[in-house]
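Residue strings, one per chain:
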Amino acid sequence: MTRSELILKLIVEHFIKTAQPVGSHTLLEEYHLDVSSATIRNEMNALEKDGFLEKTHTSSGRIPSAKGYRYYAEHLREDHIDSNVKYAIQSILEKKTQSVEEVITQSCSILADMTNLASVVLGPKVNEEHLISLQLIPLGRNSATAVFVTDQGYVENKTFIIEDGVSLEEVTKTVNLLNDRLKGTPIGDLVGKMESMRPALQDYMIGQDVIYQTLLEAFLKFAEERMNLYGKNNLLDQPEFAEDAKKLRKVLGLLDDPKAFREALEGSTPSDKVGLLIGSGEHDDLTILTANISIPGGQNASISLLGPKRMDYEKAMSTLEYVSKTLDEFFAQEGGETCQNQKKKPN
């Protein structure tokens, strides 16, 4: 490591810890560098000129730029996994008869807790997933539940009341017809295909408008992007967001919009196994780390950590790399045989 890299590393780590700009005297006093203050200032000036540091308006100290954080994350950080993380993840994977969703949910909760960041799970794209089954389960004389299952094992259900004068046999016949016509359809195309089929189904749908609308609403919900968030309150503890309501609203708005979040991830650039998005566009104080995992069924989901640019990259990236690699290996073992193949759709 060169002297310039060492100074950049110390500035990044000190700023992560204190959220205060770093000056040459701070580096000398805190880290006892065997060089003069003037030499440190010269190195800092060069790092600023090259775009790795920025000077604030309120202090003579420097803070890392997005370029500086990226260089630190890719070249200067050390890999270290907290033994508590390993123990917690292994404890989850040792449990039997869990669904894939339960494994991912518990793992992401640990990620958020151990890194003090927000953790986000984004499921497969809806057009990469297909309907494989639409079934009707009678619950009684005047009620039934329609159950939808995809080739990724996601399940949705909708319960409805059967109107007087409409027999359960007629409803079953309609559902079976829809199943025959719709199975294999990409999830994102279900609503459009069902609507296009409606004129041809008039003879079957007499007296069943409520059922049709119920199924249509279920498909609309089914086709939504699947995104789960853990550790949202961790963002409130970060000075960058806690002290700036406008920035916090932007971040929370991104987390409320799965489509926008997926688009943001597409702008990340890879760093080994973890994608990095540091200070992009209107979210200039935000960093998103993301890793893909293969889930049973041959599709990918993504797990992300989200927080300020001043996040602890060493801890966050090492933890995310470990969790994503461990889940990949777990799900790959004989198709994740220790998990049930079906997983409920996140609410």
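Above this note sits the structure.
Computed from a predicted structure; not experimentally measured.

**Student:** Teacher, can you tell me more about the pattern of salt bridges here?
**Tutor:** Opposite charge on two side chains permits them to pair, given that their charged atoms come into close proximity. Applying the stated criterion across every chain yields a total of nine salt bridges. Measuring nitrogen to oxygen at the nearest pair gives 3.1 Å for the salt bridge that ties Glu74 to Arg70. Here Glu74 pairs with Arg70, and both are found in helix H4 (residues 66-76), just four residues apart, close to one helical turn. On the accessibility criterion, Glu74 (32% relative accessible area) is partly exposed. Judged by its relative accessible area of 22%, Arg70 falls in the partly exposed class. Across the pair Glu240 and Arg310 runs a salt bridge whose closest N-O atoms are separated by 2.7 Å. Of this pair, Glu240 sits in helix H11 (residues 239-242) while Arg310 sits in the loop between strand E12 (299-308) and helix H14 (313-332), and the two are 70 residues apart along the sequence. Through salt bridges with shared partners, a single network forms among Arg77, Asp79 and Glu321.

**Student:** Would you explain helix H3 (residues 37-49) in this entry?
**Tutor:** One turn of the α-helix equals 3.6 residues, which is why residues spaced by three or four share an orientation. Given a rise of 1.5 Å per residue, 13 residues ought to cover 18 Å, and the 18 Å separating the end C-alpha atoms of H3 matches this to within 8%. The set of residues buried in H3 consists of Ser37, Ile40, Glu43, Met44 and Leu47. For H3, the arc enclosing every buried residue in end-on projection is 125°, short of the 170-degree limit, so these residues lie on one face. Exposed side chains of H3 directed beyond 90 degrees from the buried face belong to Asn42 and Lys49. Against the buried residues of H3 lie helix H1 (3-18), helix H2 (24-31), strand E1 (53-55) and strand E2 (62-64).

Rules of the game
Residues numbered from 1 in each chain as written. Predicted model: local features only at pLDDT ≥ 70, side-chain atom pairs only at ≥ 80, totals over all residues. Heavy atoms only, no water. Salt bridge = Lys/Arg side-chain N within 4 Å of Asp/Glu carboxyl O. Helix = DSSP H or I, 4+ residues; strand = E, 2+ residues; numbered from the N terminus. Buried < 20%, exposed > 50% of the residue type's maximum accessible area, 1.4 Å probe, protein only. Expected span 1.5 Å × (residues − 1). Arc of directions from axis to C-beta. Contact = heavy atoms within 4.5 Å.

Interpretation in functional terms is not warranted from these geometric data alone.
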